[in-house]
Every structure is written in structure tokens, then in C-alpha cells.
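For reference, the chains in residue letters:
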Amino acid sequence: MEIPQVPLSDIDLSDPEFWTRDRAWREGAFKTLRDESPFQFFNERVIENSPIPPGPGYRAVTRHDDIWHISRNPQLFCSGQGSNIADLPVEINEFFGSMINMDDPKHFRLRSIVSRGFTPKEISRVEELVRVRAAKVVDRLLSDFPSRECDFVEEVAAPLPLEIICDMLGIPESDHKDIFHWTNVILGVGDPEFVTSFDDLVRVGGEIFNYAQQLGEDRLKNPQDDITSVMMHAEVDGERLSSQEFGSFFILLVVAGNETTRNAISHGMKLLTDHPDQRDIWFNNYEEHAKTAVEEIVRYATPVIHFRRTATEDTVVGGQELEKGEKVVMFYASGNRDERTFENPHTFDVTRQIAPTQIGFGAGGPHFCLGANLARREIMVMFDEIRRRIPTMRISSEPAYLQSSFINGIKRMRCEW
Ligand code: HEM
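This section reports on the structure supplied with the text.

Parameters at a glance
Residues numbered from 1 in each chain as written. Predicted model: local features only at pLDDT ≥ 70, side-chain atom pairs only at ≥ 80, totals over all residues. Heavy atoms only, no water. Near = heavy atom within 4 Å. Polar contact = N/O pair within 3.5 Å; in protein donor to acceptor, adjacent residues only side chain to side chain. Helix = DSSP H or I, 4+ residues; strand = E, 2+ residues; numbered from the N terminus. Nonpolar A, V, L, I, M, F, W, Y, C, P; charged D, E, K, R; others polar. Pairing = 2+ DSSP bridges. Contact = heavy atoms within 4.5 Å. Axes fitted to C-alpha atoms, helices over the stretch in contact; angles between N-to-C directions.

A short note on the site of the ligand
Okay, step 1: Taken together, 29 residues form the shell around the ligand, and within it His 107, Arg 111, Arg 309, His 367 and Cys 369 come nearest.
Okay, step 2: Separating an oxygen atom of the ligand from a side-chain N or O atom of Arg 309 is a distance of 2.8 Å.
Okay, step 3: Taken together, the elements giving at least two residues each to the shell around the ligand come down to α4 (106–114), α11 (243–274), β5 (306–311) and α15 (372–389).
Okay, step 4: Broken down by element, the shell around the ligand gets its largest block of residues, seven residues, from α11.
Okay, step 5: Broken down by class, the residue content of the shell around the ligand amounts to 19 nonpolar, eight polar and two charged.

Here it is, written out as C-alpha cells:
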């Protein structure tokens, strides 16, 4: 990728136009930020169709090591005032974001309970399911598309994570479509194709919350073989999850578990099409390179572009003074391209040894992605199925990207085989 020189004065991360620009140009902009102003201040703008007034602005943290430091010092950089840029009331943050918008002791309590659904035992049970679901995705491709072409996102990348998270939670197949729609609305904020108004967002939040509450209450009475039952019955220090808490966690889980993995798989297929040499290296020696290849896909794609923290006291990071109350937005997408950390960061290299340095799942600390191992497994198994059963599969159109400063999403993209 040819990275152009972009002057600092041309960069405004708060401008929605920024996120529609050519990707190489954006990479050039982040390089300028890393080199010249790694804590650049940006004003906030009025968000269209939203009643929330613009906040006081934020600093964009764009170097890898600064993001690492901030993530690992939660007492200095809290999440309880929000993990997205806009300032919302705490109740709304907790409603939509659950523990991702909490600090200890609240965060610790909730994470301890829900982690029971993600123990090695639970995940190994799910591993089998991932294989079965991925095989079914390929079965459908082979039987339903005699023309040997289809939309990759709709037929491959989207169904797998959705079906798995729904299976894990015990959601019947007939409801999967509703879940899919709800998560699209919540994460598509900013893209005109998905969200039309703030009211839509609130309505969808209510629908998904009610659905989850009912599911949680049902499993409390009638436990089944799913993680909803495990979580609803888990006790930590004599306390259980309330059905409201489960409702909000459910929103976080279906949103965090679906779109992110879907986009990692979509970007992965595009990268393997654009870099046939890397595809050959991996596919000719799948097991040997699977670990590094998956990590490199997540680094290169960085499906979650940023998360925010707020300084709890005056402090200094990377030589920059920060005042108590300042918002710091960690641009994982930039940290994952930091030339100070990664050699040739714009090169896609499936043999790159980068775990745990790449920060696509967060940069460590208490909020590190709860589903990272599950997501890695899904990506690994999906490409294994493709490699074995449809080895000629290629992306055949330019991707239609989601317009968002938060999610590096692909909405549509044709493939053929
Ligand atoms: C490639 C796929 C994925 C990516 C790129 C991703 C990325 C992230 C990131 C960047 C964070 C914030 C980390 C931080 O603030 O330190 C996060 C948190 C989280 N993720 Fe993931 N994620 C993925 C898949 C999943 C899956 C499959 C699940 C669950 C099924 C999941 C559940 C969560 C949860 C619950 C949190 C909040 C943890 C907390 O606040 O304690 N994620 N993820």
C-alpha cells in the first residue's frame, strides 16, 4: 500500500467525511498523527439525528505504547464515564454497554460472573459447535449457489458468529434474524443505511433488552445446556446476576460477538485474495501458520477502531500532560500500524510473530476482550473449511465499507469460486 503524506492541518477525526476517505489516505493521516502529534486534540461535533450535545473534545491517542499504558492503568483511565466518544448519562452507558462502561468494583463483580460462561470448559464445548456451524455455511454455499458466486458477508462472514453466539446463549434459530437486525442497528450508528434516528436506536435497545430479560428469567426457572443458564445461576460472593444486568450484558455480547468477528472474517478473505502469496503460505501449511495468520488478520483489519477512557487525575503519558477529566480515545487501528512497534506495519504477513503485541482485542487490562479465544477459533475454523472445500474462493468486487469511526466494517462484497 502506497501511503501518502498528509499534513496535520488536514486531519479532523471528528469529521464524518474523514471516515469516507480513501484508506491509504487515512493511513497517511494516522502516520502523521503518530509522528507529529500522538495526543492530538479534536473538537466534537453535533451528531446528526441525536439529542446529545457535543462534548468538550478529546485527545486521539495514536501510538501503540501509549494505548498499552492507558489500557493497563484503569485507576488512572476509567471506563465508567463511557467507552465511546460522546458523553451519555451513566444509566444509558450501562444499559447499552454493560461492563465495558464500568470500573471496579462493579466491573470486577460482573466480569467474574459472566466469565463463568467463557471458561475453558465452556469454550471447548463451543469449539465443536464452531466446526459444525462453519461446515454448514460451506454446505449452503455448495448447494444453494450453482453459479458459484454470492455475497461473502451475507452468506459466509455474517452467519457464523451470529449462529455461534445464539447457540451459546440458547437462542432458537427462529429468532436469529431479529438478533441480526438489532445488532446492525446498534453498531451502524453513523452509517445512513442502517440508522435513521436516535429514536430507532432507543427502540431497538428496548426490544433486545426485553428479549434478553425474558430469556434470562426463563433459564433461571428452567436451566438448560447453554451459557445463559450458567450465567444466571452463577454465584460470586453470594450474589447473582439480576435479569436487568443480564439484559444489558446480552446487548454487549451479541453486539461485541457478532459484528467484530464478521468483519475480521470479511477483511481476512479480502486480504487473502489481494495477497495470493500469503494465502499460499498459509493454506499450504495451515496448522503451522494458523496462530500467526489469525492474529495478523485481526491486526491488519482492527475491526474495532477505537475505545475511550477518561483521566481520573492529572497525569503524564508518553511525555504528554493530561488533565483530570480529559477524554482519551485509543485508536487501536493506528496503534496496530505503529512503525515503532511493528516492522513494515502496512505489509500483510501471515507469519508475523505478534501475539500479544497486536491490540485488535484491546491492549490488556481489565476490559481485554472476553471473547478473544472464541473469535480466534471462529476465524481459524472458517478459513480451514474454505481452504479444504472451496479452495478457489476469491473476492470479486470492491467491498462496500461501513461509514463509521468505530467499526471497520464491510457491508457487502461479492465472492466467486
Ligand atoms: C475479531 C473479533 C473481536 C474483536 C476485534 C474484539 C475486540 C474487542 C475490544 C477492542 C474490546 C475492548 C477491550 C478493552 O477495552 O481493553 C473488546 C471487549 C469485549 N469483547 Fe470483544 N472482540 C471480538 C470478538 C468478541 C467475541 C466473539 C465476544 C463474545 C462472544 C466478545 C466479547 C467482548 C466483551 C464481553 C468485551 C467487554 C469486556 C469487558 O469490558 O470486561 N468479543 N472486544
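Text resumes after the structure shown.
Structural notes on the sheet that holds strand β12 (residues 414–416)
Okay, step 1: With antiparallel pairing, the three strands of this open sheet are ordered in space as β4-β12-β9. Every other strand in the sheet has two partners, leaving β4 (149–151) and β9 (394–395) as the edge strands with one partner each.
Okay, step 2: As defined by bridge partners, β4 adjoins β12 across three bridges and the pair is classed as antiparallel. Counted as the bridge partner of Cys 150 is Cys 415 from β12.

Looking at the sheet that holds strand β8 (residues 327–331)
Okay, step 1: The sheet built from five strands is open, its strands ordered β1-β2-β8-β5-β3 with mixed pairing. The two strands at the open ends of the sheet, each matched to only one other strand, are β1 (39–42) and β3 (77–78).
Okay, step 2: Two elements, β3 and β5, share two bridges in a ladder whose sense is antiparallel. By the bridge assignment for β5, Cys 78 is matched with Thr 310.
Okay, step 3: Relative to the sheet, helix α2 (residues 64–71) contacts β1, β2 (58–61), β3, β5 and β8, its axis offset from that of β8 by approximately 125°.

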